[in-house]
Amino acid sequence: MPSFPLKVTRLAFAQVEKLSPELSGRLAFELFCRTPSRRPKGAKAKQVFMMGRSRLRQAQTVRLALSRGMAAAHQLPADAAGDGGHRILVVHGWGSRAEYLSELASGLKQAGAQVVILDLPGHGASSGRRLDLKIAAEAIVAAERHFGRFDGVVGHSFGGAAIMMAAGRVFPELQPLKARRIALIGSPSSMGEVFNGFATMVGLGRGSVKAMRNRAMELVGAQVEDLDGVAVARRIDRPLLVVHAEDDKEVNVGHAQRYIGVSPHVRHLWANGYGHRRIVSAPEVIQAVASFLAEADTPGQSKVLAAS
């Protein structure tokens with residue numbers, strides 16, 4: 001059953017749509033890009049956040065200038081032995097922030113990597129209250145420009161989609177992400193599907209959906225259908241690890257299945273039982289991602305990882 005706020009939202013869009021589908025579509029796109037509150041929701045989320053904040057206490061924060069606002073990047077301190085090892089960028093998902101991926105980042109660091117965690121615009125210590133794939137890709141590219149080429153990059157949920165857009169040069173005015181290896185965790189591969197799902201959720205009619213798509217093209221500079229991770233994977237053909245749980249209720253497993261057979265450089269890891277959020281802190285997943293990002297560039301085989 002739809003929540004009360006969603007019912008109100010649907011009613012509002014229905015009324016606006018009667019007056020102007022164009023206005024309804026433009027407003028819908030702004031709502032689509034509006035980022036949620038940065039405060040943890042609930043006691044459990046607050047506990048995880050505070051633990052993450054403690055892990056990042058010694059991190060050095062760099063503010064990266066973007067075309068709109070800035071993005072904060074947190075560089076974990078180097079080990080006493082020095083700052084050798086491969087360099088990895090970690091990117092969170094929608095409504096998340098660096099603190100929530102700190103356990104993953106710490107695991108990568110313990111495996112010998114230099115680690116940077118990026119707060120996307122509208123999240124964490126970054127500026128703004130809106131986010132789209134173009135500005136997310138710009139933030140990722142800005143991080144690589146500042147820290148140097150990353151050997152590996154890992155993104156959760158929306159962060160993974162943004163990484164693929166940055167690597168695939170979907171937005172020609174941005175320099176492509178040059179990271180050698182890419183790991184995606186619970187990430188959507190088709191933003192067109194996400195886009196249509198949102199339009200259905202808020203009850204948009206055909207005219208409003210068309211206006212919403214036009215507004216996206218106007219602001220982002222790409223057709224919704226072009227925001228496709230599978231097309232990017234074919235084009236760049238780099239080692240890619242796709243980690244997903246079949247019980248993920250936020251990003252359905254079909255997004256991960258679309259990568260099957262795309263390239264011998266694509267490897268799947270089925271982390272069943274961890275859902276959408278617990279997957280980023282699962283020890284087996286952290287170990288698998290760390291190993292993948294550190295290994296030589298050779299084709300891999302699909303694997304199945306079942307939660308205990």
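Residues numbered from 1 in each chain as written. Predicted model: local features only at pLDDT ≥ 70, side-chain atom pairs only at ≥ 80, totals over all residues. Heavy atoms only, no water.

> What exactly am I supposed to notice about the pattern of salt bridges here?
A side chain of one charge can pair with a side chain of the opposite charge when the charged atoms of the two come close. What the rule picks out here adds up to 14 salt bridges. We note a salt bridge from Glu 103 to Arg 55, for which the minimum N-O separation is 3.9 Å. Of this pair, Glu 103 sits in helix α4 (residues 102-110) while Arg 55 sits in helix α3 (residues 43-55), placing them 48 residues apart in sequence. According to the relative accessible area criterion, Glu 103 is partly exposed, its value standing at 34%. Taking the relative accessible area as the measure of exposure, Arg 55 reaches 31% and is therefore partly exposed. Put simply, Glu 218 and Arg 215 hold a salt bridge, and the shortest N to O gap is 2.7 Å. One end of the pair is Glu 218 and the other is Arg 215, both in helix α8 (residues 206-220) and three residues apart, which spans about a single turn. Owing to a relative accessible area of 52%, Glu 218 belongs among the exposed residues under this scheme. With a relative accessible area of 15%, Arg 215 lands in the buried category. (Salt bridge = Lys/Arg side-chain N within 4 Å of Asp/Glu carboxyl O. Helix = DSSP H or I, 4+ residues; strand = E, 2+ residues; numbered from the N terminus. Buried < 20%, exposed > 50% of the residue type's maximum accessible area, 1.4 Å probe, protein only.)

> Please clarify how the nonpolar core should be interpreted in this entry.
Generally speaking, soluble globular proteins have nonpolar side chains that are buried together. If you look at the biggest cluster of nonpolar residues, it comprises 68 residues, and the most contacted ones within it are Leu 118 and Phe 171. Here the element with the most residues in this core is helix α5 (residues 133-147); it accounts for ten residues. With residues up to four places along the chain from it excluded, the contact list for Phe 171 reads Leu 133, Lys 134, Ala 137, Met 165, Val 220, Ala 222 and Leu 227. Grouped together as the second largest cluster of nonpolar side chains are 31 residues, Leu 101, Leu 108, Ile 279 and Ala 282 included. (Core = buried A, V, L, I, M, F, W, Y, C linked by side-chain atoms within 4.5 Å. Contact = heavy atoms within 4.5 Å.)

> Help me understand the pairing of strand β1 (residues 60-65) in this model?
Relative to strand β2 (residues 70-75), β1 runs antiparallel, the two sharing six bridges. Within β2, the residue paired with Arg 63 across the bridge is Ala 72. Here β1 folds back onto β2 in antiparallel fashion, the turn holding four residues, of which Gly 69 has a positive phi close to 80°. (Pairing = 2+ DSSP bridges.)

> I'm lost on the packing of aromatic side chains in this one. Help?
The geometry of an aromatic ring pair is captured by the separation of the ring centres together with the interplanar angle, meaning the angle of the planes. Scanning the model with the defined rule gives six aromatic pairs in all. With 6.4 Å between their ring centres and 45° between their planes, Phe 147 and Phe 150 make a pair best called tilted. By the ring-pair criterion, three or more aromatic residues cluster together here, those being Phe 29, Phe 32, Phe 195 and Phe 198. Its end group placed over the ring of Phe 292, Arg 181 keeps NZ or CZ at 4.3 Å from the ring centre. (Phe/Tyr/Trp six-rings, centres within 6.5 Å; stacked < 30°, edge-to-face > 60°. Lys NZ or Arg CZ within 6 Å of the ring centre and 35° of its normal.)

> Is there a simple way to think about empty space enclosed by the protein in this case?
The method is simple in principle: a probe with the dimensions of a water molecule rolls over the atoms, and the space it marks as empty is what remains. By the definition in use, this model includes one cavity of 30 Å³ or more. Size it by volume and the largest cavity reaches roughly 40 Å³. As for the largest cavity, its lining consists of Met 164, Ile 182, Ala 233, Ile 236, Asp 237, Arg 238, Pro 239 and Leu 240. Counted by class, the lining of the largest cavity contains six nonpolar, no polar and two charged residues. (1 Å grid on protein atoms, 1.4 Å probe; cavity = no way out; pocket = protein on both sides within 12 Å on 5 of 7 lines; lining within 4 Å. Points joined across faces, edges and corners; volume = space filled by probe spheres on them. Nonpolar A, V, L, I, M, F, W, Y, C, P; charged D, E, K, R; others polar.)

> Could you clarify how one ought to interpret the pairing of strand β3 (residues 87-91) in this entry?
The side chains of a regular strand alternate, first on one face of the sheet and then on the other. Of all five residues that make up β3, four are buried, and the element is covered over most of its length. The pairing of β3 with strand β4 (residues 114-119) spans five bridges and is classified as parallel. Of the residues in β4, the one forming a bridge with Ile 88 is Val 115. Bridge analysis of β3 against strand β5 (residues 152-156) gives four bridges, and the strand direction is parallel. Each residue of the ladder has a partner; that of Val 91, found in β5, is Gly 155.

> Just to check I follow, could you spell out the packing of helix α2 (residues 21-33) against α8 for this structure?
Between two packed helices, both the angle of their axes relative to each other and the distance between the axes serve to describe the pair. Relative orientation of the contacting elements α2 and α8 amounts to 55°, with a least axis distance of 7 Å. The angle between the axes of α2 and α8 places the two elements in the oblique class. The two elements α2 and α8 meet at a crossing, and its hand is right-handed. Contacts between α2 and α8 pair Pro 21, Glu 22, Ser 24, Gly 25, Arg 26, Ala 28, Phe 29, Glu 30 and Phe 32 from the former with Gly 207, Ser 208, Ala 211, Met 212, Arg 215, Ala 216, Glu 218, Leu 219 and Val 220 from the latter. (Axes fitted to C-alpha atoms, helices over the stretch in contact; angles between N-to-C directions. Parallel < 35°, antiparallel > 145°, perpendicular 65-115°, else oblique. Left-handed = near helix turned anticlockwise from the far one by under 90°.)

Taken by themselves, the reported measurements are silent on function.
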